[in-house]
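# Commentary on secondary and tertiary structure
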Amino acid sequence: NVPSIIYTMKLEYNNIFEVTAGNIEDAANDKLRSDLMVELHKQIDFSGIPIKRVAHKLGVTFSTARSLTRGEIETFSVSELTTFIERLQLLVRTQ
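## Notes on the environment of T61
Considering the arrangement of structural elements, one finds T61 in the loop between α3 (51-58) and α4 (62-69). By relative accessible area, which is 49% here, T61 ends up partly exposed. Residues T61 and I51, ten residues apart in the sequence, show an inter-C-alpha distance of 9.6 Å.

## Considering the nonpolar core
The biggest cluster of nonpolar side chains holds 18 residues, and the ones touching the most others in it are M37, L40, V54, L58, L68, L81 and F84. When residues of this core are assigned to their parent elements, the largest contribution, four residues, is made by helix α5 (residues 78-94). Excluding anything up to four places from it in sequence, L58 contacts L68, F84, R87 and L88.

## Structural notes on the pattern of salt bridges
Tallied over the full model, the rule gives three salt bridges. We note a salt bridge from D30 to R33, for which the minimum N-O separation is 2.8 Å. A residue pair is termed a helical-turn pair when its members lie 3 or 4 positions apart in one helix, as D30 and R33 do in helix α2 (residues 24-43) at three residues. This pair shows no difference in class: D30 is buried, exactly as R33 is. In this structure, the salt-bridge partner of R70 is E72, at a minimum N-O distance of 3.9 Å. Residue classification places R70 among the exposed residues on the basis of a relative accessible area of 57%. The class for E72 is partly exposed, based on a relative accessible area of 22%.

Reading the values: rules and limits
Residues numbered from 1 in each chain as written. Predicted model: local features only at pLDDT ≥ 70, side-chain atom pairs only at ≥ 80, totals over all residues. Heavy atoms only, no water. Helix = DSSP H or I, 4+ residues; strand = E, 2+ residues; numbered from the N terminus. Buried < 20%, exposed > 50% of the residue type's maximum accessible area, 1.4 Å probe, protein only. Core = buried A, V, L, I, M, F, W, Y, C linked by side-chain atoms within 4.5 Å. Contact = heavy atoms within 4.5 Å. Salt bridge = Lys/Arg side-chain N within 4 Å of Asp/Glu carboxyl O.

Right, here's the structure in full:
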């Protein structure tokens, strides 16, 4: 009976996008877009609201709202995601 040997490798990254992006600038941008998308999803429960309502609240097209609800970060720039978060915060303040 041969004993089995299990090897493990521990990989540590401060930013996983450093592995997937072509350069450090793209990695930083990808991480920021990801963080913004997470924040956007924290502010609005996309699972409990119709896409038409998301579109109306954010002032975007149905297609754009659908991409947001699906978390398609590659579709949006940092500026667009920041604008969506600012619009949500304004809606909360005025209600």
